[in-house]
Amino acid sequence: MRHLMTPLDFSVEELERLFDLAADIEREPSKYAHACDGKILATCFYEPSTRTRLSFESAMIQLGGQVLGFSDAGSSSATKGESVSDTIRMISCYSHICAMRHPKEGSAMVASMAASIPVINAGDGGHQHPTQTLTDLLTIRSLKGRLDNFTIGLCGDLKFGRTVHSLINALVRYDNVKFIFISPEELKVPDYIIEMLKEKNIPFEEVIRLEDVMPSLDLLYMTRVQRERFFNEQDYVRLKDFYILNKEKMDLAKEDMLVLHPLPRVNEISVEVDEDPRAAYFRQVQYGVYVRMALILTLLELA
Ligand code: NCD
């Protein structure tokens with residue numbers, strides 16, 4: 001039985017197979033409409049989410065399966081003091097696969113050790129968010145045609161943004177990917193990631209001004225300042241509008257640069273950019289469903 005805790009749980013070859021399957025689902029969804037008949041997905045979300053939870057639910061329903069679950073810790077037995085390990089044991093009797101989101105780093109891992117069904121980490125605190133990374137990779141592969149040979153700018157909250165941490169981890173396995181980290185001093189990429197890049201000899205730069213690097217980017221990954229992970233509100237207020245991607249900044253970019261964002265967006269991308277053909281963040285949401293469909297099929301060994 002397999003779980004998904006970090007994007008590195010799949011080898012590059014396994015990811016290729018997963019993305020090929022997702023692409024086939026995109027081409028011919030009807031072929032998969034009953035692939036999960038009789039199967040149940042549990043979504044155990046101890047932290048607010050709309051996109052990721054609904055994306056999982058939509059994926060399972062489109063495969064012919066059913067879903068159950070809870071969408072905040074307050075409506076689960078966690079309020080009675082039940083441990084994640086006990087909860088997953090119970091969930092294992094009710095369903096065939098589980099997607100779990102938890103504010104504490106490592107919770108999904110703890111759950112996977114007690115589970116008798118595959119567990120998918122749907123975000124654990126500021127740590128990892130592997131299915132967002134699968135979404136990001138499938139989007140890049142589908143729209144750019146490759147996962148190597150590019151310069152990617154990651155902009156915004158690089159300290160608390162788990163999607164950023166997962167994506168960097170995944171991209172270092174592809175050839176000739178250069179990273180440009182764009183953030184205020186207070187929200188820089190954690191040291192452990194910088195150390196990892198140095199160890200692997202992966203080229204990266206850290207800058208503060210987005211305008212300066214715009215022309216050299218093939219991909220721009222924008223992120224929201226993660227309010228819920230700040231220790232005080234003043235720091236959040238001071239940093240929240242540090243970057244706003246607008247039309248003028250887009251004018252500095254390459255004609256085929258893509259803008260990605262895991263969403264939800266707050267102010268960091270002005271709505272005027274939505275009309276720009278290079279804005280790929282809503283197409284990214286659709287790829288998120290295809291890749292979750294492919295993931296469910298793979299972990300249930302139905303593909
Ligand atoms: C991201 C997350 O939850 O980390 N959202 C998502 O899953 N699409 C990004 C965010 O909340 O900023």
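All of these numbers come straight from a predicted model, not from anything done at the bench. (Residues numbered from 1 in each chain as written. Predicted model: local features only at pLDDT ≥ 70, side-chain atom pairs only at ≥ 80, totals over all residues. Heavy atoms only, no water.)

Right, let's talk about the nonpolar core for a bit. The biggest cluster of nonpolar side chains holds 61 residues, and the ones touching the most others in it are Ile152, Leu154, Ile168 and Phe179. In terms of residue count, the dominant contributor to this core is helix 11 (residues 281-299) (ten residues). Both domain 1 (7-128 + 288-299) and domain 2 (131-284) contribute no fewer than three residues apiece to this core. Setting aside residues no more than four positions away along its own chain, isoleucine 152 makes contact with Leu167, Leu171, Val177, Lys178, Phe179, Ile180, Leu217, Leu219 and Tyr221. Core analysis: the next-biggest nonpolar cluster, separate from the first, contains 21 residues, Leu210, Met257, Leu263 and Tyr281 among them. (Core = buried A, V, L, I, M, F, W, Y, C linked by side-chain atoms within 4.5 Å. Buried < 20%, exposed > 50% of the residue type's maximum accessible area, 1.4 Å probe, protein only. Helix = DSSP H or I, 4+ residues; strand = E, 2+ residues; numbered from the N terminus. Domains from an automatic or database assignment. Contact = heavy atoms within 4.5 Å.)

Tallied over the full model, the rule gives 20 salt bridges. Glutamate 47 is the salt-bridge partner of arginine 229, the closest N and O atoms lying 3.2 Å from each other. Of this pair, arginine 229 sits in the loop between strand 8 (219-222) and helix 9 (233-239) while glutamate 47 sits in the loop between strand 1 (40-45) and helix 2 (51-62), placing them 182 residues apart in sequence. Relative accessible area serves as the criterion here: at 13%, arginine 229 is assigned to the buried category. Lysine 254 is the partner of aspartate 218 in a salt bridge, and the nearest nitrogen-oxygen pair spans 2.8 Å. Residue aspartate 218 is found in the loop between helix 8 (210-213) and strand 8, and its partner lysine 254 is found in the loop between helix 10 (247-251) and strand 9 (258-260); the two are separated by 36 residues along the sequence. (Salt bridge = Lys/Arg side-chain N within 4 Å of Asp/Glu carboxyl O.)

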